[in-house]
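# Overview (structure and organization)
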Amino acid sequence: MQFQWYPGHMTKAKRQMQEDIKLIDLIIELVDARIPFSSRNPDIDELGKNKARLILMNKADLADPKKTEAWSGYFKEKGCFTVCVDARSKKGMKLIQNEIMAACKEKIERDRKRGIKNRPVRAMVVGIPNVGKSTFINTYAGRACAKTGNKPGVTKGKQWIRLNKNVELLDTPGILWPKFEDQKVGLHLALIGSIKDDILNTEELAETLLNLLMSSYPGVIAERYGVKEEETAAGILEMVAKARGCLKKGDELDYGKAASLVIDEFRSGTIGRFTIEDPKDR
Ligand code: G4P
């Protein structure tokens, strides 16, 4: 399977990001806690140099908590402030406020020395598509606020959402492009559903997923699908197809349907909470 991102989109997204970054003090970068490496674009380090950085490990509800902790440690060592969140719930939101202030401590101190009082920290949310940026802005800022810029008749231009007296957030998130130099990155993004499924070979993807989970989380797949631990991925798909009645016309087994079923169960967290990347490999 080959993965890529249309270069025209990338140039446009990058230019927009460069403009927006000039306006802010803090970059709030969302990554997917299930694949904290592949859901980042490392170009943000260059684009955002000299800015305070906060990494939100989002969709932590679907990720392996132990590995989420390990990844938090990894990002902290790199000098980023980190919070684990589930952007759909209000959980963890209080922590974010504290981390924003901690991340911007130097700027606040600088302002104070210059006699500037109470100038709010300006922040923007960035991340690759589907990582949860809009969900986060809506949950964090409240639905009504986040939508003000989209109403017809509202002047075009930058809209700021005033979160509280200390923080203002740019209402439109910055879209980072995924970086596919390593094909494994593309594969991991495909597994979490960040790449349109219609361009993918579903069976191949499901088999890769099963092999990955069986080696990183022994026993889990065997238990979920009632198969032997040493069963092959193709064998598991066959058993899933039989057990769940995935059939084509003429009663032929529908492996594609069985593959989609397994992938959907992984993405929704039905099989369990998994993180398929390890900071030790970085
Ligand atoms: P984006 O702006 O970065 O492109 O992402 P967006 O907020 O649109 O979120 C993409 C999908 O991820 C949405 O699901 C959203 O509900 C889901 N999501 C966001 N944050 C979390 C989280 O912390 N945990 C989980 N489990 N899911 C999250 P969707 O299927 O596209 O829509 P819907 O299910 O909300 O209808």
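Residues numbered from 1 in each chain as written. Predicted model: local features only at pLDDT ≥ 70, side-chain atom pairs only at ≥ 80, totals over all residues. Heavy atoms only, no water.

Across soluble globular proteins, nonpolar side chains have a tendency to be buried as a group. Among the nonpolar cores identified, the biggest contains 75 residues, and Leu26, Ile28, Leu56, Ile96, Ile100 and Phe136 are the most heavily contacted of them. Looking at which element gives the most residues to this core, the answer is helix H9 (residues 202-216), with 7 residues. If you look at the next biggest cluster of nonpolar residues, it comprises 10 residues, including Val31, Ala33, Ile55 and Phe75. (Core = buried A, V, L, I, M, F, W, Y, C linked by side-chain atoms within 4.5 Å. Buried < 20%, exposed > 50% of the residue type's maximum accessible area, 1.4 Å probe, protein only. Helix = DSSP H or I, 4+ residues; strand = E, 2+ residues; numbered from the N terminus.)

Near the ligand, the surroundings consist of 15 residues, among which Ala87, Asn130, Lys133, Ser134 and Thr135 are the closest. Within the side chain of Asn58, an N or O atom sits 2.9 Å from an oxygen atom of the ligand. Within the contact set of the ligand, an oxygen atom lies 2.5 Å away from a side-chain nitrogen or oxygen of Thr135. Considered on its own, the ligand offers 710 Å² of accessible surface; in the complex 60% of this is hidden by protein. With 3 residues, the top contributor of residues to the shell around the ligand is helix H6 (residues 133-141). The residue makeup of the shell around the ligand, split by class, is 5 nonpolar, 5 polar and 5 charged. (Near = heavy atom within 4 Å. Polar contact = N/O pair within 3.5 Å; in protein donor to acceptor, adjacent residues only side chain to side chain. Areas by Shrake-Rupley, 256 points an atom, 1.4 Å probe, with all protein chains shown as cover. Nonpolar A, V, L, I, M, F, W, Y, C, P; charged D, E, K, R; others polar.)

Between H9 and helix H12 (residues 255-267), the shortest axis-to-axis distance is 8 Å and the interhelical angle comes to 45°. Classified by the angle their axes make, H9 and H12 are oblique. Once H9 is placed against H12, the crossing between them reads as left-handed. When H9 is examined against H12, the residues Thr202, Glu203, Leu205, Ala206, Leu209, Leu210 and Leu213 are found in contact with a partner set consisting of Tyr255, Gly256, Ala259, Ser260, Val262, Ile263, Phe266 and Arg267. Residue classes in the contact of H9 with H12 are distributed as 10 nonpolar, 3 polar and 2 charged. (Axes fitted to C-alpha atoms, helices over the stretch in contact; angles between N-to-C directions. Parallel < 35°, antiparallel > 145°, perpendicular 65-115°, else oblique. Left-handed = near helix turned anticlockwise from the far one by under 90°. Contact = heavy atoms within 4.5 Å.)

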